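Structural overview
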Amino acid sequence: MTEWFLYLPQTRIDLDDLVTRARVAEASGFDGVAFLDHLDTPMDPASPLWEAMTVATWVAAHTERIKVGHVVLCAGFRHPAVLAKQATTLAAASGGRFELGLGSGSMPDELVKYGISTAGPRQRVDALGETLALLSEYWSSEGERAQFPVPTAPIPLVLGGVGPRMLELTRRYADWWNLPATHVHKLPELLPSIGSARASVQQMVGFARHDQDVAAVAETAQRRFGRLGSGLVCGDCAALVEHFRFLESQGAQRFYVWFADFAPPESIAEFAETVITAGC
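Now for a description of the structure that goes with this document. Just so it is clear, the structure is predicted and the values come from calculations on it, not from any experiment.

Here we take up the overall build of the chain. When you go through the chain residue by residue, the secondary structure sums to ten helices and ten strands. Over its C-alpha atoms the chain spans a radius of gyration of 18 Å, differing by no more than 12% from the 19 Å that the globule rule assigns to 280 residues. Here the chain holds 280 residues, and 52% of them are scored as buried. In the form shown here, the chain has an accessible surface area of approximately 12700 Å², with 54% of it arising from carbon and sulfur atoms. For the chain, the centre of its 23 positive side-chain charges and the centre of its 32 negative side-chain charges are spaced 4 Å apart.

Okay, structure coming up:
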């Protein structure tokens with residue numbers, strides 16, 4: 001059955017509003033909520049941005065059912081041993097609702113700016129592979145690197161990326177593979193490369209609610225996020241149902257829905273009540 005996550009970048013929003021949106025998503029029928037992981041807001045470094053693991057923990061503490069994760073955490077921000085301990089703790093605290101999303105780092109200038117790394121793309125993917133291998137050791141109950149307590153259940157791993165070496169890591173380690181919004185059109189091409197991982201798609205939507213003009217909503221969404229190309233789809237309930245059903249037919253099993261209107265509660269609720277349930 002298809003899963004629906006609210007993708008909710010924690011920028012230009014206060015913590016109370018993040019919790020409110022997550023609760024609305026939970027009450028409306030979304031399966032999960034996911035955040036981003038940067039030290040600066042992408043393309044707008046002066047805009048306030050909350051830290052990713054802390055936000056996930058805070059939201060998990062204020063919800064009951066909804067899964068919590070990221071698309072995706074930057075492996076370079078956290079030592080693998082610390083990351084393993086954080087993931088185990090949050091999985092336990094949330095009652096098993098935490099998923100660990102990881103990537104090699106999509107903003108290398110950010111890593112340089114804060115003195116974290118000057119590694120190139122190949123080195124960053126190598127480092128991610130080393131982190132994934134170490135997680136298996138840390139989460140094992142045997143060996144000198146085993147951490148205690150060990151997870152009481154497997155923590156789902158979500159890997160994001162489209163390069164050949166990232167896809168190799170996906171085949172080796174991932175439960176879920178996330179296709180970034182800028183590559184939505186490549187789903188059929190890349191799907192055979194992910195092995196047994198399940199496919200998810202990050203999709204920006206310019207969703208016209210029942211009381212909104214479709215053309216006006218689309219114009220605003222295109223002005224804000226037209227750079228995403230196929231990663232942006234605009235329309236009312238009927239148009240979006242058709243779009244997501246098409247992606248399902250291509251193999252998508254989860255959607256990370258990203259709202260062009262910055263996800264006010266009324267958009268989250270109506271999207272869930274209409275598009276997710278196909279109740280247009």
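Given a rise of 1.5 Å per residue, 18 residues ought to cover 26 Å, and the 26 Å separating the end C-alpha atoms of helix α5 (residues 121-138) matches this to within 8%. Regarding α5, the residues found buried are R124, V125, L128, G129, T131, L132, L134, L135 and Y138.

Relative to the assigned elements, Y114 resides in the loop between α4 (108-113) and α5. Discounting chain neighbours no more than four positions away, the residues touching Y114 are L39 and D40.

What follows covers the packing of aromatic side chains. Counted according to the given criterion, the structure contains twelve aromatic pairs. For the pair F244 and F255, a centre-to-centre distance of 4.7 Å together with 65° between the ring planes defines the contact as edge-to-face. Here F255 lies in strand β10 (residues 254-259) and F244 lies in helix α9 (residues 237-249), a separation of eleven residues in the sequence. Grouping residues by exposure puts F244 and F255 together as buried. Members of the aromatic cluster, connected to one another through ring pairs, are W4, F30, F207, F244, F255, F259 and F271. The ring of W176 carries the charged tip of R254 above its face, separated from the ring centre by 3.9 Å.

Another point: a nonpolar patch on the surface. On the surface, L39, Y114 and I116 cluster together into a nonpolar patch covering about 250 Å² of accessible area. Since its relative accessible area comes to 41%, Y114 is described here as partly exposed.

Right, let's talk about the packing of helix α1 (residues 15-28) against helix α2 (residues 52-61) for a bit. Between α1 and α2, whose axes approach to 10 Å, the crossing angle comes to 55°. Relative to α2, α1 is oriented oblique. Crossing handedness for the pair α1 and α2: right-handed. Touching L15, L18, V19 and A22 of α1 are V55, W58 and V59, all from α2. The class makeup of the residues in the contact of α1 with α2 is seven nonpolar, no polar and no charged.

Describing two packed helices takes the angle between their axes plus the distance from one axis to the other. Put simply, α9 and helix α10 (residues 265-276) touch, their axes get as near as 9 Å, and they point 60° apart. By crossing handedness, the relation of α9 to α10 is classed as right-handed. Contacts between α9 and α10 involve C237, L240, V241 and F244 on the former and, on the latter, F271, T274 and V275. Taken together, the residues of the contact of α9 with α10 sort by class into six nonpolar, one polar and no charged.

Structurally, N178 is set in strand β7 (residues 176-179). For N178, a relative accessible area of 4% puts it in the buried group. In this structure, N178 is in contact with V71, V158, L159, G160, G161, S200, V201, Q202 and Y256, ignoring residues within four places of it in sequence.

What counts and what doesn't
Residues numbered from 1 in each chain as written. Predicted model: local features only at pLDDT ≥ 70, side-chain atom pairs only at ≥ 80, totals over all residues. Heavy atoms only, no water. Helix = DSSP H or I, 4+ residues; strand = E, 2+ residues; numbered from the N terminus. Rg over C-alpha atoms; globule rule 2.2 N^0.38 Å. Buried < 20%, exposed > 50% of the residue type's maximum accessible area, 1.4 Å probe, protein only. Areas by Shrake-Rupley, 256 points an atom, 1.4 Å probe, with all protein chains shown as cover. Lys, Arg positive; Asp, Glu negative; His and termini not counted. Charge placed at Lys NZ, Arg CZ, Asp CG, Glu CD. Expected span 1.5 Å × (residues − 1). Contact = heavy atoms within 4.5 Å. Phe/Tyr/Trp six-rings, centres within 6.5 Å; stacked < 30°, edge-to-face > 60°. Lys NZ or Arg CZ within 6 Å of the ring centre and 35° of its normal. Patch = residues over 30% accessible without salt bridge, like charges linked within 9 Å, V, L, I, M, F, W, Y side chains within 5 Å. Salt bridge = Lys/Arg side-chain N within 4 Å of Asp/Glu carboxyl O. Axes fitted to C-alpha atoms, helices over the stretch in contact; angles between N-to-C directions. Parallel < 35°, antiparallel > 145°, perpendicular 65-115°, else oblique. Left-handed = near helix turned anticlockwise from the far one by under 90°. Nonpolar A, V, L, I, M, F, W, Y, C, P; charged D, E, K, R; others polar.

Any functional reading would require information that these geometric values do not contain.
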